[in-house]
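Now for the letters of each chain:
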Amino acid sequence: MAAPKNRRSVFLGRLPLPERNYLAEALRTETVGGVLLLAAAVAALIWANTPLRDSYETVRSFHFGPGAVGLNLSLQHWAADGLLAVFFFVAGIELKRELVAGELRDPKAAILPVVAAICGMAAPALVYFTVAKTGGGALDGWAVPTATDIAFALAVLAVIGTALPSALRAFLLTLAVVDDLFAILIIAVFFTSQLDFTALGLAVLGLAVFWLLLRKGVRGWYVYVPLGIVNWALMYNSGVHATIAGVAMGLMLRCHRREGESHSPGEHIEHLVRPLSAGLAVPLFALFSAGVAVSGGAITDVFTKPETLGVVLGLVVGKAIGVFGGTWLAARFTRAELNPDLRWPDVLAVASLAGIGFTVSLLIGELAFAEDPLLTDEVKAAVLVGSLIAAVVASVLLKLRDNKYRKLCADEDRDDDQDGIPDIYEQDNPAYHLRMAAILEARAAEHRRLADVAAARPTGDDGPA
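What counts and how
- Residues numbered from 1 in each chain as written.
- Predicted model: local features only at pLDDT ≥ 70, side-chain atom pairs only at ≥ 80, totals over all residues.
- Heavy atoms only, no water.
- Helix = DSSP H or I, 4+ residues; strand = E, 2+ residues; numbered from the N terminus.
- Buried < 20%, exposed > 50% of the residue type's maximum accessible area, 1.4 Å probe, protein only.
- Contact = heavy atoms within 4.5 Å.
- Salt bridge = Lys/Arg side-chain N within 4 Å of Asp/Glu carboxyl O.
- 1 Å grid on protein atoms, 1.4 Å probe; cavity = no way out; pocket = protein on both sides within 12 Å on 5 of 7 lines; lining within 4 Å.
- Points joined across faces, edges and corners; volume = space filled by probe spheres on them.
- Nonpolar A, V, L, I, M, F, W, Y, C, P; charged D, E, K, R; others polar.
- Phe/Tyr/Trp six-rings, centres within 6.5 Å; stacked < 30°, edge-to-face > 60°.

Caption draft 1: Structural detail: the overall build of the protein chain. In terms of regular secondary structure, the protein chain is built from 17 helices and 4 strands. Reported as C-alpha extents along the three principal axes, the dimensions of the protein chain are approximately 95 × 65 × 60 Å. Per-residue burial for the protein chain yields a buried fraction of 47% across its 465 residues. At a minimum sequence separation of 6, the contacts of the protein chain that also span at least 24 residues come to 78%.

Okay, here's the thing in structure tokens:
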């Protein structure tokens, strides 16, 4: 007797209901934040390309803060180092949650998005390196096209109105979370200036106190917010990029639920802070970082200079090839079958959407070319152009399957018994089938009654002539 074949796992299959509900809530906030981010970027471009351009530069160069502790910073600097620490704090919580309760908790399930994310960062870096090396450009910007901006990607989805199935949205979110992790590592390792070991030691001590207070169950924002600000300031003065403090504190929060808890502390704090991150911190960063001069000559330069061309091709070509190729190879070698409701072109569309690398790409561009303001602005323009092209390509690919996506989303949301749980999650629940039987029997009885009424009605020639 032949041995039974190993059952193959399903890639991009249906999410568990708790994960789907969490995803829906998180993406709703990110989508709104993405629209605000898009609006802020447009406002910055308009402000920087009108007769008011001098006021734009004056505002973002305005310095304030306590100079005695090394924090007399420009408004643009406060946005990049201060406000983005809130963004990375949320990213740290997301990563912790994914590791303990989400898609990354199971190594077998995690391998696909992790490999896709790694390939989706390696391929753009390789594309940039090849283009810059061939053209004799600076290699410092290799990390610029490696990041994915989930908020901007979701804003594109909101604008084009694509009803993307939850499995594809979860895949995109998981990609972005892993992407953020490696972006954090890149910033920490490659963009750390000379270290002040005293400040760094105090920052580590402050983080240890933060962790200890959490483990002791101490509560109160009035404890953690001041301590978090102190940790951020110490990390900034240490020479390590200040956003690392935000990530570290996010990773320390407990994100698994104990018995009787509807939300873990990490989920609760993420729910409170995410609107601040998506609705204020990231849009303000975009407002003070995305304002670059755009003209016909500037656009031409984006496609002719090796550094800027490397960024554009890295985002548009490198991301799509890396994410799609990594996903396909991981699925092939792990014998994972694609969800039968989806096709590989759907994965390619999401891979193209991952080429929208706005927020972190702008930040890395500022760090990579800090000594060359002109090249910094040119690289920012390249990030904008590359992200725009990636958004257009992804939109076209997604629109081709829009009707299919709408049907899948309708099936996911259908709740005929109106118990608050989508029917697709209750197929193995006998009580659901009994409720549906009662509903259908009631409908059948009503139709039989209407049939009897229609049969008893006199048949006269009272119809239309």
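Caption draft 2: Examining the pattern of salt bridges more closely. Counted according to the given criterion, the structure contains 15 salt bridges. Ionic pairing is found between arginine 257 and glutamate 267, a salt bridge with its closest N-O pair at 3.0 Å. With arginine 257 in the loop between helix 9 (243-252) and helix 10 (265-289) and glutamate 267 in helix 10, the pair connects residues that are 10 residues apart, well separated along the chain. As a salt-bridge pair, aspartate 417 and arginine 435 come within 2.9 Å of each other at their nearest N and O atoms. Here arginine 435 lies in helix 17 (residues 430-456) and aspartate 417 lies in the loop between helix 16 (402-413) and helix 17, a separation of 18 residues in the sequence.

Caption draft 3: Local environment of empty space enclosed by the protein. In the structure shown here, the tally under the stated rule is 3 cavities of 30 Å³ or more. There is about 110 Å³ of room inside the largest cavity. Lining the largest cavity are 13 residues, with Glu30, Phe87, Val90, Ile150 and Ser277 positioned closest to its centre. Of all the elements in the fold, those that place two or more residues in the lining of the largest cavity are helix 3 (75-100), helix 5 (150-160) and helix 10. In the lining of the largest cavity, the residues fall into 7 nonpolar, 1 polar and 5 charged. One number sums up the size of the second largest cavity: a volume of about 50 Å³. Contributing to the lining of the second largest cavity are Phe87, Thr148, Asp149, Ile150, Ala151, Ala176, Asp180, Thr359 and Val360. Counting only elements with at least two residues in the lining of the second largest cavity, the list comes to helix 5, helix 6 (166-190) and helix 14 (359-368).

Caption draft 4: Geometry of the layout of surface pockets. Of the voids in this model, the largest pocket is the one considered here, and its volume is about 1,200 Å³. Elements supplying a minimum of two residues to the lining of the largest pocket: helix 3, helix 7 (197-215), helix 8 (221-238), helix 9 and helix 10. The class makeup of the residues in the lining of the largest pocket is 21 nonpolar, 8 polar and 5 charged. Its boundaries defined by the atoms lining it, the second largest pocket holds a volume of some 930 Å³.

Caption draft 5: Structural detail: the side chain of aspartate 346. Here aspartate 346 is to be found in helix 13 (residues 344-353). Judged by its relative accessible area of 1%, aspartate 346 is buried. Not counting chain neighbours up to four residues away, the residues in contact with aspartate 346 comprise Leu168, Arg401 and Tyr405.

Caption draft 6: Representation of the packing of aromatic side chains. Applying the stated criterion to the full structure yields 11 aromatic pairs. When the ring of phenylalanine 210 is compared with that of tyrosine 224, the centres are 5.3 Å apart and the planes differ by 75°; the resulting orientation is edge-to-face. Separated by 14 residues along the polypeptide, phenylalanine 210 in helix 7 and tyrosine 224 in helix 8 bring together distant segments of the chain. One aromatic cluster is present, built from ring pairs that chain together Phe62, Phe64, Trp78, Trp232 and Tyr236.

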